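So you can see what is in the structure, the chains are spelled out below.
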Amino acid sequence: MDDPLERFAGVYDLYYRNVLRYALQHAEPGTAEDVASETFLIAWRRFPTIPEPPLPWLLGVARNLLRKQAGASLRRRALASRIAMLTTQADGLAVDAGDFVVERAAALDALTSLSARDVEALTLVTWHGLSPAQAAEVVGCSARAFTVRLSRARQRLTNRLRSADPPASSQAALSHRAASFRSPSPSITRK
């Protein structure tokens, strides 16, 4: 068996069930299957360096992946719990779905009225979470030039949102949305 693909297929055939069984002991079936698959993806990438016998190494990789999954699950639950603690019943009652439709339409209209260059600058930083320096690398300019481009795009978006003249109840929310385009990443918003 000199072919690496054949050798890997042999390891996969021999040990996949062991890795899946191990993952099933610690996770739901869907998650366990994902962990087993990812374990062998990692094994494929590192195949020449996997020790003999490979099973302990494979189970160690699966164990690490399961820990990552558990940590992510804990963070999601903690975030949901914190949001629930900060949200009152009045918050849900105060929302008028019609306002969001109007706000969304106005925001999309304002965004689509911008040039492709402005939209790209805004979305690289806001939606994709890149820093201005990283976004500058993507578009092929200096960080300083991109910062100027981003600032101008933000100003044009703000002007378009203001000129849309939304209803008074939506004005505050639209201002908040425009401000969110000024954030360095989607997880950070200005107040």
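Residues numbered from 1 in each chain as written. Predicted model: local features only at pLDDT ≥ 70, side-chain atom pairs only at ≥ 80, totals over all residues. Heavy atoms only, no water.

Draft legend 1. Geometry of the overall build of the chain. The number of helices and strands found in the chain is nine helices and zero strands. The secondary structure elements of the chain, listed N-terminal to C-terminal, are α-α-α-α-α-α-α-α-α. Across the 191 residues of the chain, 29% fall into the buried class. Put simply, of all contacts in the chain between residues at least 6 apart along the chain, 62% involve residues at least 24 apart. In the structure as shown, the chain presents an accessible area of about 12800 Å², 56% of it carried by carbon and sulfur atoms. (Helix = DSSP H or I, 4+ residues; strand = E, 2+ residues; numbered from the N terminus. Buried < 20%, exposed > 50% of the residue type's maximum accessible area, 1.4 Å probe, protein only. Contact = heavy atoms within 4.5 Å. Areas by Shrake-Rupley, 256 points an atom, 1.4 Å probe, with all protein chains shown as cover.)

Draft legend 2. Seen up close, the packing of helix α1 (residues 4-26) against helix α2 (residues 29-45). Interaxial distance between α1 and α2 falls to 9 Å at its minimum, and their mutual angle equals 150°. With respect to each other, α1 and α2 are oriented roughly antiparallel. In this structure, α1 crosses over α2, and the sense of that crossing is right-handed. Here Pro4, Leu5, Phe8, Val11, Tyr12, Tyr15, Tyr16, Val19, Leu20, Ala23 and Leu24 of α1 come into contact with α2, specifically with Pro29, Ala32, Glu33, Val35, Ala36, Ser37, Thr39, Phe40, Ala43 and Trp44. (Axes fitted to C-alpha atoms, helices over the stretch in contact; angles between N-to-C directions. Parallel < 35°, antiparallel > 145°, perpendicular 65-115°, else oblique. Left-handed = near helix turned anticlockwise from the far one by under 90°.)

Draft legend 3. Structural view of the nonpolar core. Among the nonpolar cores identified, the biggest contains 21 residues, and Val11, Val19, Val35, Phe40 and Leu58 are the most heavily contacted of them. At the level of elements, α1, α2 and α3 (55-86) are the ones that each hand at least two residues to this core. Residue contributions to this core peak at eight residues, all from α1. The contact partners of Phe40, leaving out residues within four places of it in the chain, are Phe8, Val11, Tyr12, Tyr15, Tyr16, Val19 and Leu58. Grouped together as the second largest cluster of nonpolar side chains are 15 residues, Leu111, Val125, Phe146 and Ala153 included. (Core = buried A, V, L, I, M, F, W, Y, C linked by side-chain atoms within 4.5 Å.)

Draft legend 4. Spatial organisation of the packing of aromatic side chains. In total, this model carries six aromatic pairs according to the counting rule given. On the basis of an interplanar angle of 70° and a centroid distance of 5.1 Å, the ring pair of Phe8 and Trp44 is categorised as edge-to-face. Of the two residues, Phe8 sits in helix α1 while Trp44 sits in helix α2, which places them 36 residues apart along the sequence. Take Phe8: its relative accessible area is 12%, and that puts it in the buried class. Residue Trp44 is classed as partly exposed on the basis of its relative accessible area, which comes to 41%. Through a chain of ring-to-ring contacts, three or more aromatic side chains come together here, namely Phe8, Tyr12, Tyr16, Phe40, Trp44 and Phe47. (Phe/Tyr/Trp six-rings, centres within 6.5 Å; stacked < 30°, edge-to-face > 60°.)

Draft legend 5. Structural detail: the environment of Ala106. Position of Ala106 relative to the elements: it lies in helix α5 (residues 97-112). Sequence separation between Ala106 and Arg160 is 54 residues; the distance between their C-alpha atoms is 9.0 Å.

Draft legend 6. Spotlight on unusual backbone geometry. Of note, the bond from Glu52 into Pro53 is cis; its omega dihedral lies within 30 degrees of zero at -10°. Mapped onto the secondary structure, Pro53 falls in the loop between α2 and α3.

Draft legend 7. Structural detail: the pattern of salt bridges. Across all of its chains, the model carries one salt bridge by this definition. In this structure, Asp118 engages Arg156 in a salt bridge whose closest nitrogen and oxygen atoms are separated by 2.5 Å. Here Asp118, found in helix α6 (residues 116-126), pairs with Arg156, found in helix α8 (residues 143-163); they are 38 residues apart in sequence, far enough to count as distant. For Arg156, a relative accessible area of 35% translates into the label partly exposed. (Salt bridge = Lys/Arg side-chain N within 4 Å of Asp/Glu carboxyl O.)

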